[in-house]
2 protein chains.
Amino acid sequence: MKALGIHLLIELTSCNRQKINNLDYLERTMAQAAEVAGATVLKTAFQDFNPQGVSGVVVIAESHLTIHTWPEYGYAAVDIFTCGTKVDPWKAADFLNEHLEAHEIQIRDFRRGIPAENEKHQVEYRSIEHAECGSAHN
Amino acid sequence: MKALGIHLLIELTSCNRQKINNLDYLERTMAQAAEVAGATVLKTAFQDFNPQGVSGVVVIAESHLTIHTWPEYGYAAVDIFTCGTKVDPWKAADFLNEHLEAHEIQIRDFRRGIPAENEKHQVEYRSIEHAECGSAHN
């Protein structure tokens, strides 16, 4: 693969349930995480749900950060996609781990970019089953 | 893992270079892709770059879609994260593949959710190397 970016899929569990249900706190914290990583914040778009849960994205010059929270489980799904030599997505992950007060973190790390010839047409796994969804996110 | 969502990481190559450099077209097409999948669009945030390239996100009630394009390579990085039983992210992937006129598609498919006990503390790979970045995205 001709790598153009790094994408982290992050599961944060046993978080502070108040903090991950607070839109203003999350919007501010996600933007700070981007800055800590060395990224330039361009736009944010956050939405809270009834009865609980928040979704939000931060568009950065170097790609994006997103978060979706299930306060009822103390769980937040974060992803951080960055490109360039100035930005360190792991610093943003560490910052969010600390500021959402997660007790557990799982990070999966992928390269994004143009697949090599032998990787093209590759569809690694095609699932038609659906995942359970919290009440907050339909 | 207690699965709460499905996340597709999609590499689209040999796309139509005009279309993947057109902010209005991408914003409309990404929102349509969400609707084709059965999702409810809540917010969009798109940004174009000089000399080329577009980044954008669509926040849906069921999580998000994002896109980052490198027209100079004919390449678009898309990710689609959905939860719930009503939304089929593969339909959005097919729609984008068609409407960006990609000649090659690679899809990696992951479950998102609360890791099982033996998966906690798992950090699969921690890279400190940086990916090359197109001129459009710093």
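Residues numbered from 1 in each chain as written. Chains lettered and ligands numbered in written order. Predicted model: local features only at pLDDT ≥ 70, side-chain atom pairs only at ≥ 80, totals over all residues. Heavy atoms only, no water.

Focus on the overall build of chain A
Next up, step 1: Each helix and strand counted, chain A has 2 helices and 6 strands in total.
Next up, step 2: Helices and strands in chain A line up, N terminus first, as β-α-β-β-β-β-α-β.
Next up, step 3: Across chain A, the fraction of contacts at a sequence separation of at least 24, relative to all contacts at a separation of at least 6, is 64%.
Next up, step 4: Working note: accessible area of chain A is about 5,300 Å², and carbon and sulfur atoms make up 44% of it. (Helix = DSSP H or I, 4+ residues; strand = E, 2+ residues; numbered from the N terminus. Contact = heavy atoms within 4.5 Å. Areas by Shrake-Rupley, 256 points an atom, 1.4 Å probe, with all protein chains shown as cover.)

Focus: the environment of Ala92 of chain B
Residues and elements named next belong to chain B.
Next up, step 1: As for its placement among the helices and strands, Ala92 is situated in helix α2 (residues 89–99).
Next up, step 2: C-alpha separation for the pair Ala92 and Asn118, spaced 26 residues apart in sequence, amounts to 33 Å.
Next up, step 3: In this structure, Ala92 is in contact with Ala33, Ala37, Leu65 and Ile80, ignoring residues within four places of it in sequence.

Thoughts on the pattern of salt bridges
Next up, step 1: Scanning all chains against the criterion turns up 6 salt bridges over all chains.
Next up, step 2: Of the charged contacts in the structure, one is a salt bridge between Glu11 of chain A and Arg112 of chain B, with a shortest N-O distance of 2.6 Å. Residue Glu11 of chain A is found in strand β1 (residues 2–13), and its partner Arg112 of chain B is found in strand β6 (residues 104–114); the two belong to separate chains. Here Glu11 of chain A and Arg112 of chain B have matching classes, each one buried.
Next up, step 3: Put simply, Lys19 of chain B and Glu101 of chain B hold a salt bridge, and the shortest N to O gap is 2.6 Å. With Lys19 of chain B in the loop between β1 (2–13) and α1 (23–36) and Glu101 of chain B in the loop between α2 and β6, this pair connects stretches of sequence that are 82 residues apart.
Next up, step 4: The structure contains a network of salt bridges with shared partners spanning Glu11 and Arg108 of chain A together with Arg112 of chain B. (Salt bridge = Lys/Arg side-chain N within 4 Å of Asp/Glu carboxyl O. Buried < 20%, exposed > 50% of the residue type's maximum accessible area, 1.4 Å probe, protein only.)

So, the confidence of the model for chain A
All names here are of chain A.
Next up, step 1: Of all residues in chain A, 86% have pLDDT values of 70 or greater, and the mean over the chain is 89.
Next up, step 2: Considering only residues more than four positions removed or in separate chains, one finds that residues 123–136, a stretch of pLDDT under 50, has 43 contacts.
Next up, step 3: Among the prediction metrics, the complex's ipTM stands at 0.87, with pTM recorded as 0.88. (pLDDT = per-residue confidence, 0-100.)

Looking at the packing of α1 of chain B against α2 of chain B
Residues and elements named next belong to chain B.
Next up, step 1: One can describe the packing of α1 onto α2 by two numbers: an axis separation of 8 Å at closest approach and a directional angle of 150 degrees. Helix-helix and strand crossings are classified by hand; for α1 and α2 the assignment is right-handed. Listed contacts from α2 to Tyr25, Thr29, Met30, Gln32, Ala33 and Val36 of α1 are Lys91, Ala92, Phe95, Leu96 and His99.
Next up, step 2: Per-class residue counts for the contact of α1 with α2 are 7 nonpolar, 3 polar and 1 charged. (Axes fitted to C-alpha atoms, helices over the stretch in contact; angles between N-to-C directions. Left-handed = near helix turned anticlockwise from the far one by under 90°. Nonpolar A, V, L, I, M, F, W, Y, C, P; charged D, E, K, R; others polar.)

Some details on the environment of Trp90 of chain A
Next up, step 1: You can see Trp90 of chain A is positioned in helix α2 (residues 89–99).
Next up, step 2: Sequence separation between Trp90 of chain A and Asn22 of chain A is 68 residues, and the spatial gap between their C-alpha atoms is 23 Å.

Comments concerning the state of the cysteines
Next up, step 1: In this structure the tally under the stated criterion is 0 disulfides over all chains.
Next up, step 2: The thiol sulfur of Cys15 of chain A is not disulfide-bonded, and the nearest other cysteine sulfur, from Cys83 of chain B, lies at 16 Å.
Next up, step 3: Here Cys15 of chain A falls in the buried class, since its relative accessible area comes to 7%. (Disulfide = S-S within 2.5 Å.)

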